[in-house]
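Chain by chain, the residues run as shown.
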Amino acid sequence: MPDLALFYFPAACSHVTVCALEEAGLDYDLKLVNLAKMEQTGADYLKVNPLGKVPALLIDGDLLTENVAIIAYIDALKPAAKLLPSDGSPRGRAEAIRGLSFCSATLHPQVRGILNPHRLTEGEPEPVRAMSIKLASKSFAYAEARIAEHGWWLGEWSIIDAYLQWALSVAVKGGFDTTPFPHLADHLQRLNQRPSIQRANEIARQARVTLGLE
Ligand SMILES: N[C@@H](CCC(=O)N[C@@H](CS)C(=O)NCC(=O)O)C(=O)O
């Protein structure tokens, strides 16, 4: 197995990466990057990841960025963990990548627009926030219908379920109203029963303590 080091902040989408590593049962070093203190913009971190973002995974010292790619890599290292279960057909694999991309490329910018609208505009943040709520409402309505029908995003548990709930948690921190989404509330309860998710949540709690965030 390669040497893995994950650069991570507990409230960031790197939480989903930790869920993936825990579910896969891989050994890895966790390196905290304090986004609350803008450490990602410091020279030390930019040497690791010139993009100044987390997650970043060092694989035997070689950088991999983008959560979708990192999760697909972890899945390929440990296929038995079924992070992205599929029937092995081209369509099945595409369906799993589709779910990851929905979380990363569609939901992520929308929920950031709800929680951190000031980072997306040099003008008034409130119109950005209002539009982000509108867009996220449509996306979460789609997710709600899918979870109502299939129980889990793919019909069985996958890392997409953790990604979806991470995105919803960001929206909730920004004041997003989740009352129209009862199936997503139930989905969160079921997700939190999974031992890997409980370990990832504990890792996040310890990281917040270490960083002085709680
Ligand atoms: N497309 C990237 C986005 C990564 C990203 O935006 N990470 C955020 C945290 S969720 C970050 O590091 N933000 C710090 C910054 O933009 O300064 C991915 O999916 O990995």
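If you're wondering where the values come from, they're calculated on a predicted model, not measured in any experiment.

Grouped together as the largest cluster of nonpolar side chains are 54 residues, with contacts concentrated most on Phe-140, Ile-159 and Leu-164. Of the residues forming this core, the biggest block, ten residues, is contributed by helix α6 (residues 159-173). Residue-level mapping places this core at the junction of two domains, with at least three residues from each of domain 1 (4-82 + 196-210) and domain 2 (90-194). Not counting residues up to four positions away in its chain, the partners in contact with Ile-159 are Val-16, Cys-19, Ala-20, Ile-71, Leu-83, Leu-84 and Leu-100. Core analysis: the next-biggest nonpolar cluster, separate from the first, contains ten residues, Ala-5, Phe-7, Val-54 and Ala-56 among them.

On to unusual backbone geometry. As a rule of thumb, non-glycine residues mostly have phi less than zero, and peptide bonds are mostly trans rather than cis. Here Val-54 and Pro-55 are connected by a cis peptide whose omega angle stands at 0°. Relative to the helices and strands, Pro-55 is located in the loop between α2 (43-48) and β3 (56-59). With a phi close to 60°, Met-38 is a non-glycine residue in the positive phi region. Take Met-38: it is sitting in the loop between β2 (29-32) and α2. Positive phi, close to 50°, is recorded for Lys-82, a residue that is not glycine. Structurally, the position occupied by Lys-82 is in the loop between α3 (67-77) and α4 (90-115).

Not every one of the 15 residues close to the ligand is listed here, only the nearest: Gln-40, Lys-53, Val-54, Glu-66 and Asn-67. Here Asn-67 contributes a backbone N or O atom positioned 2.9 Å from an oxygen atom of the ligand. Notes on the ligand: free accessible area 510 Å², of which the protein chains cover 85%. Ranked by residue count, the leading element in the shell around the ligand is α4, at three residues. When residues are assigned to domains, the shell around the ligand turns out to be shared by domain 1 (4-82 + 196-210) and domain 2 (90-194), each giving three or more.

Quick look at α6 now. Between its first and last C-alpha, α6 extends 22 Å over 15 residues, near the 21 Å set by a 1.5 Å rise per residue. Of all 15 residues that make up α6, twelve are buried, and the element is covered over most of its length. All of the buried residues along α6 are Ile-159, Ile-160, Asp-161, Ala-162, Tyr-163, Leu-164, Gln-165, Trp-166, Ala-167, Leu-168, Val-170 and Ala-171. Buried residues belonging to α6 abut α1 (14-24), α3, α4, α5 (125-150), α7 (182-191) and α8 (195-210). Two residues or fewer past α6, Gly-175 is found with a positive phi of approximately 90°.

Conventions and cut-offs
Throughout this document, residue positions are counted from 1 along each chain, in the order its sequence is written. It should be noted that, the model being predicted, local features are given only for residues of pLDDT at least 70 and side-chain atom pairs only at 80 or more, the latter also being counted only at that level, while totals for whole chains, interfaces and linings use all residues. As a rule here, side-chain values come from all non-hydrogen atoms in the structure, and water together with hydrogens is ignored. Throughout this description, the term nonpolar core refers to a set of buried Ala, Val, Leu, Ile, Met, Phe, Trp, Tyr and Cys residues connected via side-chain atoms within 4.5 Å. With a 1.4 Å probe rolled over the protein chains alone, any residue whose accessible area is under 20% of its type maximum counts as buried; one over 50% counts as exposed, and the rest are partly exposed. Helix and strand assignments come from DSSP, with helices taken as H or I runs of at least 4 residues and strands as E runs of at least 2, each series counted from the N terminus. Segment limits for the domains were obtained from an automatic or database-derived domain assignment. Residue contacts are counted whenever heavy atoms from the two residues lie within 4.5 Å of one another. A molecule or strand has a residue near it when one of that residue's heavy atoms lies within 4 Å. Here a polar contact is taken to be a pair of N or O atoms separated by no more than 3.5 Å, where protein atoms must pair a possible hydrogen donor with a possible acceptor and residues adjacent in sequence count only if both atoms sit in side chains. Accessible areas in this description were obtained via Shrake-Rupley with a 1.4 Å probe; residue shielding takes into account the shown protein chains only. Expected span of a helix: the number of residues minus one, times 1.5 Å.

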